[in-house]
Amino acid sequence: SNRPVVTLYPNWSEIYRGETITVSCEIHGGDTEWDYEWETNSTIKPPNQTEYRIISASSSNNGNYRCKGRMKSSQHNTTEWSDSVTLTVSDSKENLSSVTLNCQVEHPSAGWSFYWYKAVPDLSEKSSSYELLPDGSGTAQDSYIIHGQTHTAGYVCRAGRGDPEYHTDHSQPKFVWSAGQFVSLSASLTVSPDRVQHFTSDSVSLTCEGNFTEWRVRKFSEDGRLSDCRRMTGSTCNINTSKSDTGVYWCESGSGEFSSAVNITVQNDGNGPILVSPVHPVTEGASVSLSCSLRTQKILSNVFFYHNDKLIQNDTRGELKISAVSKSDEGFYKCQYSGRESAQSWMSVKGEQDQNV
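Only a predicted model underlies this, so the values are computations on that prediction, with no experimental measurement involved.

Draft legend 1. Representation of the nonpolar core. Counting 18 residues, the largest nonpolar core has Ile15, Ile21, Val23, Trp38, Ile54, Tyr65 and Leu87 as its most contacted members. For this core, the elements supplying multiple residues, two or more each, are strand 1 (5–9), strand 3 (21–26), strand 4 (34–40), strand 5 (51–54) and strand 6 (63–71). Counting residues in each nonpolar core, the second largest holds 17 residues, with Leu206, Cys208, Cys237 and Ile239 among its members.

Written out as C-alpha cells, the structure is:
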C-alpha cells in the first residue's frame, strides 16, 4: 500500500491565531482515485477530502492529524495511516521570536552563495554600515532566520559565486520593526492626506502629536540612509514629494520617545495611478475602502485590485470595500487602471486588543 504523508502549508514551526494554513493528505505513486479519511484529536474535525484549509486558525485547531486513503473503485482497499503531524496555534503575536528573510537573485541559477548583513545606521554620517550577521557569510541558503530581535533593524543581503568570487550589489535594506521599549503610546504620527501613496509634487504633511514640546520627524530611505525632516514647522514636517521621499517615517521627541512608524511611497510613473490605502493599521472587524486615483481624476471605474499579486476584484466599481476586516486581509495591495499599475503597499491589520504592538 502507498503510505500517505500529511503536510502543512505554510510549514512554519509556529502558527499564530488568525493565520491561514492548509493541512493536506498526499498519496504518492499510481493514478488511483482515492477517498480520504482523517483522524485528529483537535476540537474541529477536517472534512474527508485531500485538503483541509483553515482560514483563520485558532486553538481549537490544535492537535495531531493523520490520514489514510480508500480506493474509490474498491472501498475495502485502504492505505495504512500516515504518520501524525502536530499543529500548534499560538494565541498571541507578541511573543514573536523569529523572522525569516529571503534573498533572490534576478536570474536564479546554481552556484550562488549568500551573505547576510545588518544595516547599522551611523548617526554622525547619516548613512549605514553593513555588519555581517552570525553564520551569514557565504551560506548556500537563500533564507536567514533572525531570532529574538528586540529592536528595529534593517537587513541586507548579497550573493556571490565563482572563484575568484563575483559579488552582486547589496540589496536594498528591509526593515524589521520591533515594538521594543521605544514606542510610546502617547506619541503618534498623522499623515495628511491620509494615504500611503502620493503623486510626485504633492504637498504632504506629517504631524507629531503627544505630550512633548520638541519633535523631529525622522526617515529611513530605501537606500538605508537616516535623515531628519528639513522643513519642520513646529511639530509638522512639510514635504513637496519627489521619488527620494519614499521611506519609513516616525516622530522622535527631545526626551527620546518614538511614535510608531509609517511607510510613505512616492509614485514612480508620473502618469500612472496611485492606490489610496490607510497609513495606519486597520482594526479587525472595522470596515476599510481602498481606491485607485489618477492625478487628473480622483474617482476611477473599471479598476483591477490585487492582494498579494492575486487579482481579487475586476468590475465597474472603482473601489475595493472590505466591510469587516480580518487578519487574512493583511498584505500587499495594488491597483491597475487602463493598463498602468500603482506601486504596491502593505495594509496592516491589528487585533482589537493590540493597543500599539
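Draft legend 2. How the structure looks around the sheet that holds strand 6. Judged by pairing direction, the sheet is antiparallel, and its three strands sit side by side in the order 4-6-7 without closing on themselves. Each edge of the open sheet is held by one strand with a lone partner, namely strand 4 and strand 7 (85–87). Taken over all neighbouring pairs, the strand axes of this sheet differ in orientation by 35 degrees on average, direction set aside. In this structure, strand 6 lies alongside strand 7, joined through three bridges in antiparallel fashion. When the bridges of strand 7 are listed, tyrosine 65 appears paired with valine 85.

Draft legend 3. Inspection of the pattern of salt bridges at higher detail. Enumeration according to the criterion identifies 14 salt bridges in this entry. One salt bridge connects glutamate 252 with arginine 216, and the closest N-O pair in it is separated by 3.3 Å. Of this pair, glutamate 252 sits in strand 23 (residues 247–253) while arginine 216 sits in strand 19 (residues 215–221); the two residues are 36 residues apart in sequence, bridging distant segments of the chain. Two residues, lysine 334 and aspartate 309, come together in a salt bridge whose shortest N-O distance is 3.0 Å. Residue lysine 334 is located in strand 31 (residues 331–337), and its partner aspartate 309 is located in the loop between strand 28 (303–307) and strand 29 (310–315); the two are separated by 25 residues in the primary sequence. Taking relative accessible area as the criterion, lysine 334 reaches 13% and is therefore assigned buried.

Draft legend 4. Inspection of the packing of aromatic side chains at higher detail. According to the stated counting rule, one finds six aromatic pairs in the structure shown. With 6.4 Å between their ring centres and 35 degrees between their planes, tyrosine 52 and tyrosine 65 make a pair best called tilted. One end of the pair, tyrosine 52, is in strand 5; the other, tyrosine 65, is in strand 6, and 13 residues separate them in sequence. Residue class for tyrosine 65 comes out buried when judged on its relative accessible area of 1%. Plain terms: the ring middles of phenylalanine 332 and tryptophan 346 are 5.1 Å apart, the flat faces sit at 75 degrees to each other, and that makes the pair edge-to-face. Placement of phenylalanine 332 in strand 31 and of tryptophan 346 in strand 33 (residues 345–347) is noted, with a sequence separation of 14 residues between them. Classification of phenylalanine 332 as partly exposed rests on a relative accessible area of 33%.

Criteria and thresholds
- Residues numbered from 1 in each chain as written.
- Predicted model: local features only at pLDDT ≥ 70, side-chain atom pairs only at ≥ 80, totals over all residues.
- Heavy atoms only, no water.
- Core = buried A, V, L, I, M, F, W, Y, C linked by side-chain atoms within 4.5 Å.
- Buried < 20%, exposed > 50% of the residue type's maximum accessible area, 1.4 Å probe, protein only.
- Helix = DSSP H or I, 4+ residues; strand = E, 2+ residues; numbered from the N terminus.
- Pairing = 2+ DSSP bridges.
- Axes fitted to C-alpha atoms, helices over the stretch in contact; angles between N-to-C directions.
- Salt bridge = Lys/Arg side-chain N within 4 Å of Asp/Glu carboxyl O.
- Phe/Tyr/Trp six-rings, centres within 6.5 Å; stacked < 30°, edge-to-face > 60°.

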